[in-house]
Amino acid sequence: MKPNVLLITTDQQHWNSIGAFNNEIETPNLDRLVKEGTTFKRAYCPNPTCTPSRASILTGKYPSQHGAWSIGTKLSEEEPTLSQAFFDNGYKTALVGKAHFQPLRSSEQYKSLEAYPLLHDLDYWRSFNQPFYGFDHVELARNHTNEAHVGQHYAIWLEEKGCENWRDYFLAPTGKMNKDEKYKWKIPEKFHYNTWISERTNKLLEGYRKSEENFFLWASFFDPHPPYLVPEPWDEKYDPDELTTPLRKEGEHAANPPHFQLTQEENPDFSSYKETSFGNIGHHSYAAIDERTMKKNMAVYYGMISMLDKYVGKILDKLDELGLTDETIVVFTTDHGHLFGQHGIHDKGGFHYEDLLKIPMIVRYPGLIPAGKESHSLQSLVDLAPTLMRLAEINAPEMKMAGVDQSNVWLGKQDTARDHILCEFRNQPTMVHQKTYVNKRYKLTVYYNQTYGELFDLEKDPNEFNNLWDQAEYQKLKKTLLLQFLWGQLGSEIMPMPRIAEA
């Protein structure tokens, strides 16, 4: 019997925000997955922003290969996808929640279904029934908390549920909410998008059970991506004063590339990094975020995670209720990590710390994937596609992937399948263009056309306070890692066609 696949993702969740490993946060349903599956403690994203990493999940390729290399780009509809491979092999395929494979702006050459004003055309989305990147069914939205991007299937659901005043809970120009309201979101929990995602996911599960069809289903949650905003009582679930705030070190950016220190200045000048009309993620000052604000942000961030955990639990309960648990591979992960004060930096950007690159990842498949196990094998989101296809015995020759098949690692048959991680970040042609290499112990980051960089010993310096890039005694090590980095880059190349003749 072929397995079903349920992929559950969050958005921008720090790797250390699961209660089973952090006693300052409560996530009973994720803890349940930890007990029933294998937790990968060294899983990484291929890019610390949404569109690139989400497209990598679908394609098994790095952003520089599939083309959706930054937010504001789109994944080409011509790219072979994991969902299409499952569909072509007899699976029902669906995505509920956040896609973000396309930008908020459309152009004549690069049309986007997730763009203004189309995402607000509810009549269009009521009748939408076309395939979307290999998903034969989608129910979409684009807003994080109260953003004006709200629309598509979520807004339709709000109206169907009788929330006639739904615009009161969202920002202008779509809605009427006061932009100065923080932390406590007045939207009733029954109308929150967590409720929508779990309800619609469970409805699809019921249909698949009734029709006895195999499925690949992606439940894609929006939280805990900022802004920090969540309905009561979740906004006050955690006392800010009882939380351990991230460690920082005075002067730690002195040896780092210049953009790190600029974030700590009150009026930084990032103009030299901007080569196009589009801005750079993370390039602004964080100097005004004081300790009290950081603690409150962190408390609400944890509240957002605990709330979404409740609705992940509703989906897991539905699998049990329908008798689907034993025949379904469940993968829980996120698209990338989050900074909430580590190194004096917040949110995300070109700062390749573990907090931003490392992600939570739990995999459950009763009887086959070991239960209650913690693995330190290196995992990447680019590995999901080849691994899930192997476990489902799906062959899609048209999918040329850079990801590694991790199926034997997941099944507990071997310890590791890769010896390094590659991560990319790019906002500009040259000035914001970097790549990172991570192995079991070390991390190396290089910048296009720059002689500065980063080298961290993750064993001796897990908090990444001491950049070794320019230290004399580490130059031999840097040379070795640079060579290994190049080997990794060469090894990730995809050859679309095999050589079939001598000449």
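Fair warning: this is a prediction, and the values are worked out from it, not measured in the lab.

What to know about the nonpolar core
In step 1: One finds Phe86, Phe101, Tyr154, Phe170, Leu388 and Trp410 to be the most contacted residues of the largest nonpolar core, which totals 133 residues.
In step 2: Looking at this core, the element that brings in the most residues is helix α9 (residues 291-321), giving 14 residues.
In step 3: In contact with Phe170, not counting residues within four places along its chain, are Asn143, Thr145, Asn146, Glu147, Val150, Tyr154, Leu158, Gly175, Lys176, Met177, Trp185 and Ile187.
In step 4: Counting residues in hydrophobic clusters, the runner-up holds 12 residues, among them Val382, Ala402, Tyr437 and Leu455.

Thoughts on the environment of Gly323
In step 1: Locating Gly323 in the fold gives a position in the loop between α9 and β9 (328-334).
In step 2: With 115 residues separating them along the chain, Gly323 and Tyr208 place their C-alpha atoms 12 Å apart.

Some words on helix α6 (residues 152-160)
In step 1: Burial runs high along α6: 7 of the 9 residues are buried.
In step 2: Listing the buried residues of α6 in full gives Gln152, His153, Tyr154, Ala155, Ile156, Trp157 and Leu158.
In step 3: Tucked into the core, α6 has its buried residues touching α5 (122-126), β5 (137-141) and α7 (193-211).
In step 4: A positive phi of about 90° marks Gly162, the residue just after α6.

So, the sheet that holds strand β15 (residues 379-380)
In step 1: With respect to topology, 3 strands assemble into an open sheet ordered β12-β3-β15, the strand pairing being mixed. The two strands at the open ends of the sheet, each matched to only one other strand, are β12 (358-359) and β15.
In step 2: The sheet contact formed by strand β3 (residues 43-44) and β15 spans 2 bridges and is parallel. Following the sheet pairing, Tyr44 is matched in β15 by Ser380.

Points about the packing of α6 against α7
In step 1: Their axes nearest at 11 Å, the elements α6 and α7 cross at an angle of 95°. Of the possible angle classes, the one that applies to α6 and α7 is roughly perpendicular. Taking contact as the criterion, the partners of His153, Tyr154 and Trp157 in α6 are, on α7, Tyr193, Thr195, Trp196, Glu199 and Arg200.

Overview of the pattern of salt bridges
In step 1: Applying the stated rule across the entire model yields 36 salt bridges.
In step 2: The salt bridge partner of Arg32 is Asp320, with a shortest N-O separation of 2.5 Å. Here Asp320 lies in helix α9 and Arg32 lies in helix α1 (residues 28-36), a separation of 288 residues in the sequence.
In step 3: On the accessibility criterion, Arg32 (17% relative accessible area) is buried.
In step 4: Ionic pairing is found between Lys348 and Asp347, a salt bridge with its closest N-O pair at 3.9 Å.
In step 5: Three or more residues are tied together by salt bridges with common partners; here these are Arg32, Glu36, Asp317, Asp320 and Arg364.

Concerning a nonpolar patch on the surface
In step 1: Judged by side-chain polarity, Leu483, Leu486, Trp487 and Leu490 come together as a nonpolar surface patch covering roughly 440 Å² of accessible area.
In step 2: Mapped onto the fold, Leu486 is located in helix α13 (residues 475-491).

Side note on the environment of Thr93
In step 1: Inspection of the secondary structure assignment puts Thr93 in strand β4 (residues 92-98).
In step 2: For the pair Thr93 and Asn214, spaced 121 residues apart in sequence, the C-alpha separation works out to 8.8 Å.
In step 3: Every residue in contact with Thr93, bar those within four places of it in the chain, is listed here: Ser83, Phe86, Phe87, Gly134, Phe135, Asp136, His137, Tyr208 and Phe216.

Side note on the sheet that holds strand β13 (residues 361-364)
Strands pair in a sheet through their backbones, by hydrogen bonds, and they do so in one of two ways: parallel or antiparallel.
In step 1: Taken in spatial order, the 8 strands line up as β5-β4-β7-β1-β9-β13-β2-β14 in an open sheet, and their pairing is mixed. The two strands at the open ends of the sheet, each matched to only one other strand, are β5 and β14 (373-375). Averaged over neighbouring strand pairs, the angle between their axes works out to 10° when direction is ignored.
In step 2: Here β9 pairs with β13 via 4 bridges, running antiparallel.

The rules behind these values
- Residues numbered from 1 in each chain as written.
- Predicted model: local features only at pLDDT ≥ 70, side-chain atom pairs only at ≥ 80, totals over all residues.
- Heavy atoms only, no water.
- Core = buried A, V, L, I, M, F, W, Y, C linked by side-chain atoms within 4.5 Å.
- Buried < 20%, exposed > 50% of the residue type's maximum accessible area, 1.4 Å probe, protein only.
- Helix = DSSP H or I, 4+ residues; strand = E, 2+ residues; numbered from the N terminus.
- Contact = heavy atoms within 4.5 Å.
- Pairing = 2+ DSSP bridges.
- Axes fitted to C-alpha atoms, helices over the stretch in contact; angles between N-to-C directions.
- Parallel < 35°, antiparallel > 145°, perpendicular 65-115°, else oblique.
- Salt bridge = Lys/Arg side-chain N within 4 Å of Asp/Glu carboxyl O.
- Patch = residues over 30% accessible without salt bridge, like charges linked within 9 Å, V, L, I, M, F, W, Y side chains within 5 Å.
- Areas by Shrake-Rupley, 256 points an atom, 1.4 Å probe, with all protein chains shown as cover.

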